[in-house]
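Working through the structure, step by step
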Amino acid sequence: MTEDRRHLIHLLYQKYYRELVQYSLSLFDYQPHHQQDAEDCVQETFEKALRHENDMQTVEEPLFFLRKMCYHITITKRRNIHNQERILGFPGSLQECNPPDSRDLIGEWLQALENTQNKQALLRQLTSGERAVYEAYYEQHLSLQDTARALDISTGSVRGAAQRIRKKAAALKLLGI
């Protein structure tokens, strides 16, 4: 990038940064806990502007171009945050909370299955794919990602199989098996 273009982006950043942060924050309904999210969206807006500088040169009003980019970035971020909050059941992000190991108490029970009758009863309930996940995830103590790599499946598939295994194990535990 030429020095003139770098200088132009720097001037636009100085001139419109605060205004774009306020605009982004307004899209977050001015909720103070989204201040950092709004700033991140504006930063991403300027990074995108650098990548699309040729488009930006054809626009008469750069603020309009930047606001449009900022709008789309902020709305996408807001949607992602909303989905995380819906999944978690409370406001916050996945990075901010440190949930306990997803293997939980049923997972501990699964790992501690020494009674072969209990283990055999569970294994009989599992599909072949679930059995493979059980062996890698619970017996070999591989992480979600390592289990997915080892079995050549997605992490979502591993997570789903682990949830089904826990449900089946919980049912067996409730039955006293």
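See the structure printed just above.
Residues numbered from 1 in each chain as written. Predicted model: local features only at pLDDT ≥ 70, side-chain atom pairs only at ≥ 80, totals over all residues. Heavy atoms only, no water.

Quick look at the overall build of the chain
The cut-off we apply is this: Numbering of helices and strands runs from the N terminus, with a helix taken as a DSSP run of H or I at least four residues long and a strand as a DSSP run of E at least two residues long. The rule is simple: take the accessible area with a 1.4 Å probe, protein chains only, and divide by the maximum for that residue type; under 20% is buried, over 50% is exposed, in between is partly exposed. Contacts were defined at the residue level, with two residues in contact if any of their heavy atoms lie within 4.5 Å. Accessible areas in this description were obtained via Shrake-Rupley with a 1.4 Å probe; residue shielding takes into account the shown protein chains only.
Helix and strand counts for the chain come out as nine helices and zero strands. Scored against the burial criterion, the 177 residues of the chain give a buried share of 34%. In the chain, the proportion of contacts linking residues at least 24 apart, taken out of those at least 6 apart, comes to 61%. Accessible area for the chain stands at about 11,700 Å²; split by element, carbon and sulfur atoms hold 50% of it.

Some points on unusual backbone geometry
Comment: phi is negative for the bulk of residues other than glycine, and the bulk of peptide bonds are trans. One non-glycine residue, Asp 29, lies in the positive phi region at around 60 degrees. Take Asp 29: it is sitting in the loop between helix H1 (3–27) and helix H2 (35–51). In the Ramachandran plot, Tyr 30 falls in the positive-phi region, its phi being about 55 degrees despite a non-glycine side chain. As for its position among the elements, Tyr 30 is in the loop between H1 and H2.

Things to note about the side chain of Thr 45
Note that Thr 45 resides in helix H2. Here Thr 45 falls in the buried class, since its relative accessible area comes to 0%. Apart from the residues within four sequence positions on either side, Thr 45 is in contact with Leu 66, Met 69, Cys 70 and Ile 73.

Digging into the pattern of salt bridges
How we decide: By definition, a salt bridge exists where a carboxyl oxygen of Asp or Glu is found within 4 Å of a side-chain nitrogen of Lys or Arg.
Evaluation of the coordinates by the stated rule reveals five salt bridges. We note a salt bridge from Glu 130 to Arg 164, for which the minimum N-O separation is 2.8 Å. Placement of the pair is Glu 130 in helix H7 (residues 128–139) and Arg 164 in helix H9 (residues 155–174), with a sequence separation of 34 residues. The class for Glu 130 is buried, based on a relative accessible area of 3%. Judged by its relative accessible area of 41%, Arg 164 is partly exposed. For the salt bridge of Glu 130 with Lys 168, the shortest nitrogen-to-oxygen distance reads 2.8 Å. Residue Glu 130 is found in helix H7, and its partner Lys 168 is found in helix H9; the two are separated by 38 residues along the sequence. Relative accessible area serves as the criterion here: at 22%, Lys 168 is assigned to the partly exposed category. Through salt bridges with shared partners, a single network forms among Glu 130, Arg 164 and Lys 168.

Here's the deal with H1
In plain terms, the rule: Take the number of residues in a helix, subtract one, and multiply by 1.5 Å to get its expected span. Fitting axes to the seven residues ending at a residue and to the seven starting there, one defines the bend at that residue as the angle between these axes.
Relative to the 36 Å expected for 25 residues at 1.5 Å per residue, H1 spans 33 Å between its end C-alpha atoms, a close match to the ideal helical length. Considering bend angle alone, the principal kink of H1 is centred on Tyr 16 and spans about 55 degrees. Of all the positions in H1, only Ile 9, Leu 12, Tyr 16, Leu 20, Val 21, Tyr 23, Ser 24, Leu 25 and Leu 27 are classed as buried. Positive backbone phi, at 60 degrees, marks Asp 29, one or two positions downstream of H1.

Comments concerning the environment of Glu 135
Mapping Glu 135 onto the fold places it in helix H7. For Glu 135, a relative accessible area of 39% gives the class partly exposed. Linking Glu 135 and Thr 147, residues twelve residues apart in sequence, is a C-alpha distance of 9.4 Å.

What about the nonpolar core?
Where we set the bar: Think of a nonpolar core as a cluster: buried Ala, Val, Leu, Ile, Met, Phe, Trp, Tyr and Cys residues, connected wherever their side-chain atoms sit within 4.5 Å.
Judged by nonpolar contacts, the single largest core of 16 residues is most densely connected at Leu 122, Leu 126, Val 133, Tyr 134, Tyr 137, Tyr 138 and Ile 165. Secondary-structure elements contributing two or more residues to this core are helix H6 (116–125), H7, helix H8 (144–151) and H9. The element best represented in this core is H9, accounting for six residues. Counting residues in each nonpolar core, the second largest holds 15 residues, with Leu 12, Val 42, Ala 49 and Met 69 among its members.

Focus: the packing of H7 against H8
The test is simple: Helix axes are fitted only over the stretch in contact, all axes being lines through C-alpha atoms; the angle between N-to-C directions runs from 0 to 180 degrees. Should an angle lie under 35 degrees it is considered roughly parallel, over 145 roughly antiparallel, and from 65 to 115 roughly perpendicular; all remaining angles are considered oblique. Here is the rule for handedness: rotate from the far helix to the near one, and if that takes an anticlockwise turn smaller than a right angle the crossing is left-handed, while a clockwise turn gives right-handed.
Orientation of H7 relative to H8, taken along the N-to-C sense of each, is 135 degrees, at an axis distance of 9 Å. One element, H7, and the other, H8, form an angle in the oblique class. Regarding H7 and H8, the two cross each other, and that crossing is right-handed. Residues Ala 132, Val 133, Ala 136 and Tyr 137 of H7 form the contact with H8, whose participating residues are Leu 144, Thr 147 and Leu 151.

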